[in-house]
Amino acid sequence: MAEAILTATDLVKHYPIKGGVLRRTVGHVKAVDGVSFELLKGETLGIVGESGCGKSTLGRLLMRLEEPTSGSVVFDGVDMYAQKGRAMRKLRRDIQIVFQDPYTSLNPRKTVGDIVGEPFDIHPDVVPKKGRRKAVQDLLDLVGLNPEHINRYPHQFSGGQRQRIGIARGIALNPKVLICDEPVSALDVSVQAQVVNLMEKLQDELGLSYIFIAHDLSVVRHISDRVGVMYLGKMAELGEEDDIYGRPTHPYTQALLSAVPVPDPTLRDKKEQIVLKGDVPSPANPPSGCRFHTRCFKAQDKCKTDIPLLELRPDGAGEHLSACHFAQPREIIETIDLTEQGAGNAV
Amino acid sequence: MTTTDTGTRRGKAAAGSEYHAKDGLLLEVEDLYVEFHTADGIARAINGVNFDLYEGQTLAILGESGSGKSVTAQAIMGILDVPPAVIPKGQIRYCGEDLLTMQAEKRRKTRGPEISMVFQDALSSLNPVFPVGWQIAEMFRVHRGMNRSDSLERAIKLMQRVQIPGAKERVKAYPHQFSGGMRQRIMIAMAIALDPAVLIADEPTTALDVTVQAQIMALLQELQEERQMGLILITHDLGVVADVADKIAVMYAGRIVERADVYDLYRQPAHPYTKGLLESIPRLDQKGQQLAAIGGLPPNLMRIPEGCAFNPRCKYAQDVCREDRPALRLVAPGRESACHFAEEVLNG
Amino acid sequence: MTEASTIAVSAEAGQPVGGQADEGRSLASDAWRQLKGNPIFWVSVSLITLFVVMALVPQLFTNVDPGAAVLKEARAEPGADAWFGRDIQGYDIYSRTVYGARASILVGVFSTLATVVIGLVMGVLAGYYGGFLDTLVSRVTDIFFAIPLLLGGILFMSTFPNDQNTPYLVVVGKVVLVLSVFGWPSIARLMRSSVLQVKPNDYVQAARALGASPWRIIRSHVMPNALAPVIVVSTINLGVFITAEATLSFLGIGLTPPAVSWGVAISDALVAVRTYPHILLFPSLFLSLAVLAFIMLGDAVRDAFDPKSR
């Protein structure tokens, strides 16, 4: 098994809620509340969950755009949150991010050359000044844009092209890890596949590791080697792609999978859908015990008091991490395996 | 479930609507064109769209941004801003009467009791300064002349119908006190309040989480079956369409490029664009799938390519596609496609 | 209308790149290219240049001494002798209007510079760093905000009155000082809110993720995107400051005769406004033209620095 390049241990991020005239802290939004995982070299770890589950905050913590309330991230043997000044700047070269919104992620007053070249301005030792223009054009070429468009402004590009610019900026410093925060969800369907394929190509060519944060379970299945499912700031289930999609043991994962519409009308009546009660509770006041117990179809008294740990639990074929007292595998979707055919075609 | 207020279409006609759907035919859109006149030029948003909608039918209009799907909905509802929008040509007939030539006042009165719409963004569609119950009740006060307490009573009933828990207690709550899914339910309640014959849902679940999306789609379907409404579902999501639609019209650059029964279309698309879309989306139930992305970009509506608008992105494209714009034609029983090589696409 | 707004977006980067595809381009050079082709820019720049030259070397425009009164020709209509006529004291109006530009331009330009510099620094600090600094700056601006500009000017100028012997530049300096003290909070507030809008954008986060220093982020990401409203408001303010100077002089607590300024001239003209309106007309016209020129320049500059408007 490949070694871990990034290890997050018990990450917690609580945002204070200020109230009253004196702006005193009256509570905390528990956006991320004890998340641990490993990212292996060269793999894609998908993080899925609904809005408010803390997946975007997690991405920002891993980028150190936010300081955690507690917990640690070790990157390549270095404790990220202990780094300061030059050491932190150096570390930033190795972890980069691609944002969701291709419209707000590019400075509208800069040319594409400025945007993609900014990493070289900030880290001048990477590419000598003379070679920068060439380096930027090479990057544009790599992400499938016309290198001659270096002097254009972001608004002259479509959403998909802008996302490619964002990716070019992200990989400029040759990072080891790229954190992708919903990189395709703002794009048109016919353009999504282009960007997903580009990201897969770049991973192969540059040996990148991805953390792929998204709410679209189909895209995550397609691109990920392993998948983590988040609910209200905690990891509900974590395992190989096969484990999560083929043998989910957590009721939330099962409900989530059953709700995803599959583009095949013949499955209409075959699919059983697990309908969840109510809405996601507020992360400012999460339920006691298991956070999912208020909506869970399996909930018992134990779930209201005891927090289930994320630990290896049997899934029928083996075991994978799941945070449910009553973890039990259940097949939600019938998987059509195209891997062998795909390999056959390639040969 | 509780019974409806006015029952089915037949009941409604008896209740005094002046419109009668002959043989269940509610809506006919014929050769519709819409242009936007902007400072930079003319954007041709819709270029000759035809379709019919029957009682109890769910028609999905599928397309990407800029395909003209939302503009079509807005043209039917009569909520396009004119100018910049111009409708140079076409008819939109509701129960045989052309909405486009109808007197403004008469047309206004069709919005609500006859044709009604659910929008994507429920938060901005609701007025933040009035309680939700009051906003639903307003429909009854304005259109039915009911008094305050009766209309509020009806509002509560409707909120219960769209499964808002604790409707009685929450009728006085404000929009921001509801979650996204609940707000969309309120929007649906308002849209069906006057028992319309046609309901247009414009990306009703795009802003919602997947578990909530499933609930809302289920609700829409249930209401549609119960009231035998004609439902136009406008979306870009092939998954949602597969789950609920009867018929699909696929739009590209302001034209319908393919129209078929939902089962046929997913099994064997007859237009290269539809085929490309189906091959490019990742499927939840497939592992190790290769995504065959459609190259290029949707066209600029100010400079739609000559011939077939899809030709620069199409792998079937020949010279004829660059010169001659293919019309939507019958290529097999129940199958229509606007492609010169539709038979090849269909069989290969 | 959602689809209409996406039309421009789905446009396939179709605009021509222009002739200089191989040179590096910056926002400033692009803005300059845009300005060069804008007639409004040239009109306003010509007018402003004219007024500035007028303020620096009025002798270029007239060799009539503004202090030379020909009492017997007082209130003369415009003519060959005195182009704009003569005022109630018999001064040559043209000459006095030309010499009067100096006070207006000095007060306008320096008050604007001072308010923009103080306002920008305070606004950026408050908006970008937030916390205690933000609270402090916000409360201080609140206090100054409560006092209207003109009231502040009147209070200050009447507390520290001028007399006949106060040197010209000291009086102008006092006016600039008081206008700056009461004028910066509006710029600071505007800048603060503008910075708060720009800061959460992902491109600012992306720069942070790349390890950019706060100074770099402020300089190259926050400032350029937050500056537009400040440019507009400060050019409008420039007009306000010129008018404020005129008002203070009009009230007799700014510049006082024998010093000349448009405010003093307007004040003097009011006595005879019904019978000899031309005495009022010319100084007022110049005042309006100067204000207009600066506002037009502000508009043109704002548009040029927004690539989307091209």
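Note that the coordinates shown come from a computational prediction; the quantities given were computed from them, not determined experimentally.

1. What to know about the overall build of chain A
Across its full length, chain A holds eleven helices and 13 strands. Computed over its C-alpha atoms, the radius of gyration of chain A comes to 21 Å, within 12% of the 20 Å expected for a compact globule of 347 residues. Once the C-alpha set of chain A is aligned to its principal axes, its extents read approximately 65 × 65 × 40 Å. Sorting the 347 residues of chain A into buried and exposed places 58% on the buried side. Summing over all exposed atoms, chain A offers an accessible surface of approximately 14,100 Å²; the carbon and sulfur share of this is 49%. Of note, chain A has its 43 positive side-chain charges centred 10 Å away from the centre of its 45 negative side-chain charges.

2. So, helix H2 (residues 69-77) of chain B
Residue and element names in this part refer to chain B. Extensive coverage of H2 is indicated by the burial of nine of its nine residues. By the burial criterion, the buried members of H2 are Lys69, Ser70, Val71, Thr72, Ala73, Gln74, Ala75, Ile76 and Met77. Among the residues trailing H2, glycine 78 stands out with phi positive, at a value near 75°.

3. Quick word on the nonpolar core
One finds Leu217(A) and Tyr245(A) to be the most contacted residues of the largest nonpolar core, which totals 85 residues. Among the elements that line this core, the one with the most residues is helix H6 (residues 189-206) of chain A, at six residues. Listed in part, the 74 residues of the second largest apolar core include Val34(B), Ile76(B), Met251(B) and Tyr266(B).

4. Focus on the pairing of strand S12 (residues 319-322) of chain A
Residues and elements named next belong to chain A. Here strand S10 (residues 234-240) pairs with S12 via two bridges, running antiparallel. Bridging from a neighbouring strand, glutamate 237 pairs with serine 322 of S12. In sequence, strand S11 (residues 311-314) turns back onto S12 through a hairpin of four residues, with glycine 316 there showing a positive phi of about 100°.

5. Things to note about the interface of chain B and chain A
Counting residues at the interface gives 42 residues for chain B and 46 residues for chain A. Contact with chain A buries surface across chain B, with Leu284(B), Asp285(B) and Lys287(B) losing the most and accounting together for 22% of the total. Taken together, the links from chain B to chain A amount to one salt bridge. The residue Arg283(B) makes a salt bridge to Asp264(A) at a minimum N-O spacing of 3.5 Å.

6. A look at the sheet that holds strand S13 (residues 335-337) of chain B
All names here are of chain B. Pairing is mixed in the open sheet, where eight strands are placed in the order S6-S7-S8-S3-S9-S10-S13-S12. Where the open sheet ends on each side, the last strands, each with one partner, are strand S6 (115-118) and strand S12 (329-332). Recorded for the sheet is a direction-independent mean angle of 25° between the axes of neighbouring strands. Pairing of strand S3 (residues 58-62) with strand S9 (residues 247-252) involves four bridges; the strand directions are parallel. By the bridge assignment for S9, alanine 60 is matched with isoleucine 248.

7. Quick look at unusual backbone geometry
You will see that Asp195(B), though not glycine, has its phi angle at about 55°, which is positive. By the secondary structure assignment, Asp195(B) is in the loop between helix H8 (180-192) and strand S7 (198-202).

8. Points about the state of the cysteines
The tally for this structure, following the rule as stated, stands at zero disulfides over all chains. As a non-bridged cysteine, Cys321(B) has Cys308(B) as the owner of its nearest cysteine sulfur, 6.1 Å distant.

9. Thoughts on the confidence of the model for chain A
On average, residues of chain A score 88 in pLDDT, and 97% of them are at 70 or above. Long-range and interchain partners of residues 342-347 of chain A, a stretch whose pLDDT sits below 50, account for zero contacts in this model, where long-range means more than four residues apart.

10. Things to note about the packing of aromatic side chains
Under the definition given, this model contains 17 aromatic pairs over all chains. Summarising the aromatic geometry, the rings of Tyr231(A) and Phe292(A) are spaced 5.1 Å apart at their centres and angled 85° between planes, so their arrangement reads as edge-to-face. Linking Tyr231(A) in strand S9 (residues 226-231) with Phe292(A) in the loop between helix H9 (251-259) and helix H10 (301-305), this pair joins segments that are 61 residues apart in sequence. On the accessibility criterion, Tyr231(A) (4% relative accessible area) is buried. The buried category is assigned to Phe292(A), whose relative accessible area is 2%. Relative to Trp42(C), the ring of Phe41(C) lies with its centre 5.1 Å away and its plane at 70°, an arrangement referred to as edge-to-face. Its relative accessible area of 38% is what places Trp42(C) among the partly exposed residues. A connected cluster of aromatic rings, assembled from ring pairs, spans Tyr231(A), Tyr252(A) and Phe292(A). Sitting over the ring of Trp134(B), Arg141(B) keeps its end group 4.5 Å from the ring centre. The cationic tip of Lys199(C) hangs over the ring face of Tyr128(C); the distance from NZ or CZ to the ring centre is 5.6 Å.

11. With respect to helix H3 (residues 112-122) of chain A
Burial analysis of H3(A) places nine of its eleven residues in the buried class, the great majority of the element. Where the residues of H3(A) are buried, they touch helix H2 (85-92), helix H4 (132-142) and helix H5 (159-171) of chain A together with helix H8 (202-209) and helix H9 (214-226) of chain C.

12. Notes on the environment of Lys199(C)
Residues and elements named next belong to chain C. Here lysine 199 is to be found in the loop between helix H7 (168-198) and H8. A sequence separation of 72 residues divides lysine 199 from glycine 127, and the C-alpha atoms of the two residues are 8.3 Å apart. What lysine 199 contacts, discounting residues up to four positions off in sequence, is Gly127, Tyr128, Val204 and Gln205.

13. Considerations on the sheet that holds strand S4 (residues 85-94) of chain B
Residues and elements named next belong to chain B. Pairing in this open sheet of four strands is antiparallel, and the strands run S2-S1-S4-S5 from one edge to the other. At either end of the open sheet lies a strand with only one pairing partner, and these are strand S2 (41-54) and strand S5 (97-98). The pairing of strand S1 (residues 25-38) with S4 spans seven bridges and is classified as antiparallel. Looking at S4, one finds that glutamate 30 is bridged to glutamine 91. The strands touched by H2 within the sheet are S1, S2 and S4, with S1 carrying the most contacts at an inclination of about 110°.

14. Looking at the pattern of salt bridges
Enumeration according to the criterion identifies 45 salt bridges over all chains in this entry. The salt bridge involving Lys176(A) is made with Asp76(A); its shortest N-O contact spans 3.3 Å. Here the residue Lys176(A) occupies a position in the loop between H5 and strand S7 (177-181), and Asp76(A) occupies one in the loop between strand S4 (70-75) and strand S5 (78-79), the gap between them amounting to 100 residues. Taking relative accessible area as the criterion, Lys176(A) reaches 35% and is therefore assigned partly exposed. Residue classification places Asp76(A) among the partly exposed residues on the basis of a relative accessible area of 37%. Ionic pairing is found between Asp31(B) and Lys89(B), a salt bridge with its closest N-O pair at 3.5 Å. Linking Asp31(B) in strand S1 with Lys89(B) in strand S4, this pair joins segments that are 58 residues apart in sequence. Asp31(B) gets classed as partly exposed once you look at its relative accessible area, which sits at 27%.

Conventions and cut-offs
- Residues numbered from 1 in each chain as written.
- Chains lettered and ligands numbered in written order.
- Predicted model: local features only at pLDDT ≥ 70, side-chain atom pairs only at ≥ 80, totals over all residues.
- Heavy atoms only, no water.
- Helix = DSSP H or I, 4+ residues; strand = E, 2+ residues; numbered from the N terminus.
- Rg over C-alpha atoms; globule rule 2.2 N^0.38 Å.
- Buried < 20%, exposed > 50% of the residue type's maximum accessible area, 1.4 Å probe, protein only.
- Areas by Shrake-Rupley, 256 points an atom, 1.4 Å probe, with all protein chains shown as cover.
- Lys, Arg positive; Asp, Glu negative; His and termini not counted.
- Charge placed at Lys NZ, Arg CZ, Asp CG, Glu CD.
- Core = buried A, V, L, I, M, F, W, Y, C linked by side-chain atoms within 4.5 Å.
- Pairing = 2+ DSSP bridges.
- Contact = heavy atoms within 4.5 Å.
- Buried area = accessible area lost by both parts, 1.4 Å probe.
- Salt bridge = Lys/Arg side-chain N within 4 Å of Asp/Glu carboxyl O.
- Axes fitted to C-alpha atoms, helices over the stretch in contact; angles between N-to-C directions.
- Disulfide = S-S within 2.5 Å.
- pLDDT = per-residue confidence, 0-100.
- Phe/Tyr/Trp six-rings, centres within 6.5 Å; stacked < 30°, edge-to-face > 60°.
- Lys NZ or Arg CZ within 6 Å of the ring centre and 35° of its normal.

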